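# Structural characterization, general
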Amino acid sequence: MFSKKESKEIRELFWTSFGKSYPRKWMLYRTGISGVNLKFHFDLKKAMVSLDLEGIDPTRLSIIWERLISLQTLLRSEYLTDASYDPEHLLESKKQIKRIYVKKEGLCIHDKNTWQEAMSFLNDHMSILEEFVKEHAEIIDP
């Protein structure tokens, strides 16, 4: 078990190492579509990349979500075969968002033996998710 300080240091070391191993500018919050953000996640149980919908008016959010649902078959057949759609994802802060994600279980940020696999997963899947958003931005953005 690690203290909060040790855990924070390990997380910082992972993300610094990830940035050095995959030195590129990720799209993340710069999707060009208001309310659509791409995110990396890595915790004690899994690595994950996601497309999150949040911080916009409910009407726009609903339109974008419906458009993403209409692209679901395409996303799963040509980009991320194991993509999951979660229309009511609850964040730790208790805020509810809509999320599309891909995750890999069995990886732990505290276990450096899983870091290379996590880095590879995060890089590969975020690159694919970015490509999907870029290629379909005109459909996604109302």
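The coordinates are above.
This section reports on the structure supplied with the text.

Definitions and limits used
Residues numbered from 1 in each chain as written. Predicted model: local features only at pLDDT ≥ 70, side-chain atom pairs only at ≥ 80, totals over all residues. Heavy atoms only, no water. Helix = DSSP H or I, 4+ residues; strand = E, 2+ residues; numbered from the N terminus. Buried < 20%, exposed > 50% of the residue type's maximum accessible area, 1.4 Å probe, protein only. Polar contact = N/O pair within 3.5 Å; in protein donor to acceptor, adjacent residues only side chain to side chain. Pairing = 2+ DSSP bridges. Axes fitted to C-alpha atoms, helices over the stretch in contact; angles between N-to-C directions. Expected span 1.5 Å × (residues − 1). Bend = angle between axes of the 7 residues up to and from the residue. Salt bridge = Lys/Arg side-chain N within 4 Å of Asp/Glu carboxyl O. Phe/Tyr/Trp six-rings, centres within 6.5 Å; stacked < 30°, edge-to-face > 60°.

### Details of the environment of lysine 104
- Tracing the chain through its elements places lysine 104 in strand 4 (residues 96–105).
- The partly exposed category is assigned to lysine 104, whose relative accessible area is 30%.
- For lysine 104 and serine 77, which are 27 residues apart along the polypeptide, the C-alpha to C-alpha distance reads 19 Å.
- Among the polar contacts made by the side chain of lysine 104, one reaches the side chain of glutamate 117 at a distance of 3.3 Å.

### Digging into the sheet that holds strand 3 (residues 84–90)
- On the basis of which strands lie adjacent, the open sheet formed by 4 strands has the order 1-2-4-3 and antiparallel pairing. Of all the strands in the sheet, just strand 1 (36–42) and strand 3 have a single pairing partner and so form its edges. The average angle at which neighbouring strand axes cross in this sheet is 30 degrees, direction not considered.

### Side note on unusual backbone geometry
- Even without being glycine, leucine 28 reaches a positive phi, approximately 45 degrees.
- Considering the arrangement of structural elements, one finds leucine 28 in the loop between helix 1 (4–21) and strand 1.

### Focus: helix 4 (residues 115–140)
- Taking 1.5 Å of rise per residue, 26 residues should cover 38 Å, yet helix 4 covers just 33 Å from first to last C-alpha, more than 12% shy of that figure.
- Where helix 4 bends most, the angle comes to about 45 degrees, and this point is lysine 134.

### Observations regarding the pattern of salt bridges
- Under the counting rule described, the total for this entry stands at 10 salt bridges.
- A salt bridge links glutamate 117 to lysine 104, with the nearest nitrogen and oxygen atoms 3.3 Å apart. Pair noted here: glutamate 117 is in helix 4 and lysine 104 is in strand 4, with a separation of 13 residues, a long-range link.
- One network of salt bridges, with partners in common, ties together Lys39, Asp52, Glu54, Lys95 and Arg99.

### Overview of the packing of aromatic side chains
- Here the structure, examined in full by the defined rule, presents 12 aromatic pairs.
- Ring geometry for phenylalanine 14 and tryptophan 115: centres 5.3 Å apart, planes at 80 degrees, overall edge-to-face. Within this pair, whereas phenylalanine 14 is found in helix 1, its partner tryptophan 115 is found in helix 4, the two being separated by 101 residues in sequence.
- On the basis of relative accessible area, tryptophan 115 is assigned to the buried category, the value being 7%.

### Here's the deal with the pairing of strand 4
- Bridge count between strand 2 (residues 46–53) and strand 4: 8 bridges; the pairing is antiparallel. Considered in strand 4, the bridge of lysine 46 is made with glutamate 105.
- Sheet topology places strand 3 next to strand 4; 5 bridges connect them, and they run antiparallel. Each bridged residue has a counterpart across the sheet, and for serine 84 the counterpart in strand 4 is tyrosine 101.

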